[in-house]
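# Breakdown of the fold
Residues per chain, in single letters:
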Amino acid sequence: MIEKLIARLNAFLSQFCIVCKVPCDKQMHFICGFIIAAVLTPFIGAYSILVVAIIAALKEIYDALHPDKHTADFWDWVATTLGGVVGFVVIALLG
């Protein structure tokens, strides 16, 4: 079930990848981190960054435990966490 959810999310987010030097995969990680932080920031403030970083780390651990279907990558964690930081800053400035 989680595999289907990830596949659908991947298909949806890949529509938003822009043409630049940053790989589409990293852009999707950034977008996910941004969305999670943007949703959580009004409720938990700067802790949303920590939550995003933990979720990203757990996702990479999951990927490492399933090497037949996934690839764990430190830079995926960085991209997701950076997206969380930007999401927090944007919502904090707007709020």
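Numbers given for residues are sequential positions, taken from 1 along each chain in its written order. Thresholds applied to this predicted model are a pLDDT of at least 70 for local features of residues and 80 or more for the giving and counting of side-chain atom pairs; totals over whole chains, interfaces and linings are not thresholded and use all residues. Here the side-chain values reflect all heavy atoms present in the structure, with hydrogen atoms and water set aside.

## A few points about helix α4 (residues 74–94)
So the rule is basically this: Counting from the N terminus, the helices are the DSSP runs of H or I reaching at least four residues and the strands are the DSSP runs of E reaching at least two. Any helix carries an expected span of 1.5 Å times its number of residues minus one. Three exposure classes are used, based on accessible area relative to the maximum for each residue type with a 1.4 Å probe and protein chains only: buried under 20%, partly exposed in between, and exposed over 50%. Polar contact is the term for a pair of N or O atoms within 3.5 Å; when the atoms are in protein, one must be able to donate a hydrogen and the other to accept it, and sequence-neighboring residues count only if both atoms are side-chain atoms.
End to end, α4 covers 30 Å across 21 residues, agreeing with the expected 30 Å (1.5 Å per residue, within 8%). Along α4, the residues that are buried comprise Asp76, Ala79, Thr80, Thr81, Gly83, Gly84, Gly87 and Phe88. Near the N-terminus of α4, the side chain that reaches the backbone nitrogen of Trp75, with its oxygen 3.0 Å away, is that of Asp73.

## So, the environment of Asp73
Applied cut-off: We call two residues contacting when some pair of their heavy atoms lies within 4.5 Å.
Take Asp73: it is sitting in the loop between α3 (47–65) and α4. The spatial distance from the C-alpha of Asp73 to the C-alpha of Asp63 is 8.4 Å, given a sequence separation of 10 residues. Contact partners of Asp73, with chain neighbours within four places excluded, come to Lys26 and Glu60. At a separation of 2.8 Å, a polar atom in the side chain of Asp73 contacts the side chain of Lys26.

## Things to note about the pattern of salt bridges
When the charged atoms of two side chains with opposite charge come close together, those side chains can pair. Just so we agree on the cut-off: We define a salt bridge as a contact between a side-chain nitrogen of Lys or Arg and a carboxyl oxygen of Asp or Glu at a distance within 4 Å.
Following the criterion strictly, the structure yields five salt bridges and no others. For the salt bridge of Asp25 with Lys26, the shortest nitrogen-to-oxygen distance reads 3.1 Å. You can call Asp25 partly exposed: its relative accessible area is 32%. Looking at Lys26, the relative accessible area reads 17%, which means it is buried. Across the pair Asp63 and Lys59 runs a salt bridge whose closest N-O atoms are separated by 2.6 Å.

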